[in-house]
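In case you want the letters, here they are:
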There are 2 protein chains.
Amino acid sequence: MEAKIEFIPQGSVTSPQGFYAGATYAGVKKKKAENSLDLGILFSEVPCVATALFTTNRIKSAPVVLSQERLWRGRAVAVVVNSGCANACTGEQGLADAAEMARLAAEGIGCSPEDVLVASTGVIGQQLPMKLIRATIDRIILSHDGGHELARAMMTTDTVPKETAVTVRVGESGFTIGGVAKGAGMIHPDLATLLCFLTTDAVVALDFLKFALRRAVDASFNMLSIDGDTSPSDTVLIMANGRAGNQMINQDSEQAGAFQQALNQVCIYLAKCIARDGEGATKLIEVTVSGAPSVAEARLAARIVVSSPLVKTAIHGSDPNWGRIVAAVGRSGVQVVESKIDLYIGDTCVVQGGRPIPFNEEKLREVLNGSEVTIALQLNLGKAAATAWGCDLSEEYVTINSQYMT
Amino acid sequence: MEAKIEFIPQGSVTSPQGFYAGATYAGVKKKKAENSLDLGILFSEVPCVATALFTTNRIKSAPVVLSQERLWRGRAVAVVVNSGCANACTGEQGLADAAEMARLAAEGIGCSPEDVLVASTGVIGQQLPMKLIRATIDRIILSHDGGHELARAMMTTDTVPKETAVTVRVGESGFTIGGVAKGAGMIHPDLATLLCFLTTDAVVALDFLKFALRRAVDASFNMLSIDGDTSPSDTVLIMANGRAGNQMINQDSEQAGAFQQALNQVCIYLAKCIARDGEGATKLIEVTVSGAPSVAEARLAARIVVSSPLVKTAIHGSDPNWGRIVAAVGRSGVQVVESKIDLYIGDTCVVQGGRPIPFNEEKLREVLNGSEVTIALQLNLGKAAATAWGCDLSEEYVTINSQYMT
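Definitions and limits used
Residues numbered from 1 in each chain as written. Chains lettered and ligands numbered in written order. Predicted model: local features only at pLDDT ≥ 70, side-chain atom pairs only at ≥ 80, totals over all residues. Heavy atoms only, no water. Contact = heavy atoms within 4.5 Å. Buried area = accessible area lost by both parts, 1.4 Å probe. Salt bridge = Lys/Arg side-chain N within 4 Å of Asp/Glu carboxyl O. Polar contact = N/O pair within 3.5 Å; in protein donor to acceptor, adjacent residues only side chain to side chain. Phe/Tyr/Trp six-rings, centres within 6.5 Å; stacked < 30°, edge-to-face > 60°. Helix = DSSP H or I, 4+ residues; strand = E, 2+ residues; numbered from the N terminus. Buried < 20%, exposed > 50% of the residue type's maximum accessible area, 1.4 Å probe, protein only. Pairing = 2+ DSSP bridges. Axes fitted to C-alpha atoms, helices over the stretch in contact; angles between N-to-C directions. Parallel < 35°, antiparallel > 145°, perpendicular 65-115°, else oblique. Left-handed = near helix turned anticlockwise from the far one by under 90°. Nonpolar A, V, L, I, M, F, W, Y, C, P; charged D, E, K, R; others polar.

Visitor: Teacher, can you tell me more about the interface of chain B and chain A here?
Guide: A common measure of how large an interface is: the accessible area buried when the components associate. Each side of the interface is counted separately: chain B has 60 residues, and chain A has 60 residues. In total, about 4800 Å² of surface goes out of reach between chain B and chain A, with carbon and sulfur atoms giving 56% of it. Linking chain B to chain A there are zero salt bridges. Viewed at the interface, chain A and chain B are joined by 13 residue pairs in polar contact (both at pLDDT 80 or more).

See the structure below:
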């Protein structure tokens, strides 16, 4: 069945029916502006089918450990989030604090603490200032357009909030998917934590939700590289509250394809927002590798190219240094035959059959000076393709990340 | 048997008996100074047992392809090297040019072209200016103290030549090992090519030479990371001419241990020189991971930490941001138990049993402000250890690498 997927102008994580959010300034992060926020709650008026993907780092923050435990039932009502402190490498006290945060949020909402998940982003190795959180969490007012506030409460050195929502119509029925994310950076510069909360009012079976989230994340956040470091706090959560009243979506549903497609679009949109707003970034880089023997190889090659420091610095300087791109794919470990490689920067073919070909330098420089640079590598060995996103590497990145923590 | 290994003051790749070298300025690289050199020859008065390790990049430069082919016999007399052009992605013409370079060198020396290896470092995708090489290669004068000239002819954005030699005495017999290397950088910024030529006058069996080179490179150059990119030109070559007249060293010799130890020292010395002189580097970083369950895990963890952009920028800013180090080892994929980790920066313990402990901040800042920063991670899980070397990531790195190629 033909699905119609449309982005909602000013859409947010509370665009789907039955979701509410709000935030306040507790004082966990340094106040940068009059309207700083650092503590927020996302809440569904009915319990949700929920699942999440967490960091693969063996050092996991206390909120990750807690939320991972709580999600084994596949159910959640709310999530409480703070920025300014990651609550990582904080031992037993950290776990107790994360549990208390959930309890405090649950009291305000009137649900079981077991139904509340926790996420924190910020400096590692410092205890949460629980006094501040206890004193201020009551001030949070949950509203149906509170998604925008929540987006701001999750920001660290993010310069813009990252949120979106889409409506999906399949035949007679329809539903909405919303999402909010935070990306690279800290006020006290630290790890580039990824937090993403996705909401939908669709009725979705838990098994299919898990499957769809994994697929969407593989096509979006897992193809994103700011600097190659993985945070102990990374969390991508999806909550489905069923308010749309559609027929339950599972693997075999007519709506399964539309749901997957819409979820991918939301995740890719947010991943691109994060890449564009990477620490010190001035340009979004999109690398597509096609003609690979397998999807796994296409994915690996695209990721290696987009995260190569030499490619990233060249693009920062609008330098058409294609040798670095070819060399990066060469060292990626995927099958490559030099004499078969075609390479495009923007629309300009710079390498054909592994050899440089003459190109209009002025035109290419213009493309490289833009705010979005696309690189397309055709390996001409198979039919698999993949796209990865990243950003340029600027002097500003180094400056941000070499500032004193103490 | 007790071995005595001593570094030779001003030692070079021609310190071992019977090795000669020389260089000239051909014009392949832009002349930076009055005494610029870009074309050199290293030569042994008698044929050598020889072996080499080459780049793992699937895109291989023409000189790598040629030298790899020629070394199947385990024999070489000379190597001709240029800087300024990598002769990579240059197709059939590139292979013909590399072969011609070897032939020109062989004519001057009076040996078979098959006994001459080739190495090139520089911009990718440009043909070698063979006219310049033909016109100037005759000017090279080979001498026993020509090692220093060769070292300079290999430099690109290297700011200092990298060379050393050691004498080894085991009982009555003795021999010498010399080495020269180039590291990170290009005049037209490009890949951080590693070239290293090692020489020895020891009599060494080919099988043992291969084994010893692999072990030495694993403990040195393979533990080195400037920026994670691997060049299509990387070459580490060893030539043993037997002039010392010792009993042949093989796996079972009394001298095998001393030879290995001395070769490791030469390679580690050169690897540290390269790290210290990395593009834009202001500090050498040495990371030792101990208490790992296996050597493979210790090696992997040490490499991941030393190449983490967040660790590198923190050290650039003298920021005692230990959370980034713990998080990097956490994402390395090796076995880690958070509550067992001890972490030292210099002599200062900053994390014990996974938790931060109070430290003298002034003292630590002083250590971090030094030109060499050592990081020691004790995982307390096993007995294996490994050390890796790298450098800080500075604004200067970005500036160097974002300059126009064209």
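Visitor: I'm lost on the packing of aromatic side chains in this one. Help?
Guide: Residue and element names in this part refer to chain A. What the rule picks out here adds up to 10 aromatic pairs over all chains. Each ring, one from Tyr 20 and one from Phe 43, has its centre 6.2 Å from the other, and the planes form 45 degrees; the classification is tilted. Placement of Tyr 20 in strand S2 (residues 19-24) and of Phe 43 in strand S3 (residues 39-54) is noted, with a sequence separation of 23 residues between them. Here Phe 208 and Phe 259 contribute two aromatic rings whose centre-to-centre distance is 5.9 Å and whose plane-to-plane angle is 55 degrees, an arrangement assigned as tilted. With Phe 208 in helix H5 (residues 206-219) and Phe 259 in helix H6 (residues 256-276), the pair connects residues that are 51 residues apart, well separated along the chain. As far as burial versus exposure is concerned, Phe 208 and Phe 259 are alike and both buried. Through pairs of rings, three or more aromatic residues link up here, namely Phe 175, Phe 208, Phe 211 and Phe 259.

Visitor: Help me understand the sheet that holds strand S11 (residues 284-292) of chain B, please; the structure alone is not making it clear to me.
Guide: Whether parallel or antiparallel, the strands of a sheet pair through hydrogen bonds between backbone atoms. Residue and element names in this part refer to chain B. On the basis of which strands lie adjacent, the open sheet formed by seven strands has the order S9-S16-S11-S15-S12-S13-S14 and mixed pairing. Each of the sheet's edge strands pairs with one partner strand only, and the pair in question is strand S9 (224-225) and strand S14 (355-356). Here strand S12 (residues 342-345) runs beside strand S15 (residues 372-378); their pairing, made up of four bridges, is antiparallel. From the neighbouring strand, Asp 342 faces S15, where its bridge partner is Gln 378. Helix H9 (residues 322-331) rests against S12, strand S13 (348-352), S14 and S15 of the sheet, and its axis sits at about 130 degrees to S12.

Visitor: Hey, could you run me through the packing of helix H7 (residues 295-307) of chain B against H9(B) in this one?
Guide: The description of two packed helices rests on the angle between their axes and on the distance between the axes. All names here are of chain B. With their axes 9 Å apart at the nearest point, H7 and H9 run at an angle of 135 degrees to one another. The angle between H7 and H9 places the two elements in the oblique class. The handedness of the crossing between H7 and H9 comes out as right-handed. Of H9, the residues touching H7 (which contributes Ala 301, Ile 304 and Val 305) are Ile 325, Ala 328, Val 329 and Arg 331. A per-class count over the contact of H7 with H9 returns six nonpolar, no polar and one charged.

Visitor: It is not clear to me how the pairing of strand S15 (residues 372-378) of chain A should be interpreted in this structure. Could you clarify?
Guide: Within a regular strand, side chains alternate between the sheet's two faces. Residue and element names in this part refer to chain A. Residue alternation in S15 divides its side chains into a buried set, Val 373, Ile 375 and Leu 377, and an unburied set, Glu 372, Thr 374, Ala 376 and Gln 378. Pairing geometry for strand S11 (residues 284-292) and S15, over seven bridges, is parallel. Among the inter-strand pairings, Leu 284 is bridged to a residue of S15, identified as Glu 372.

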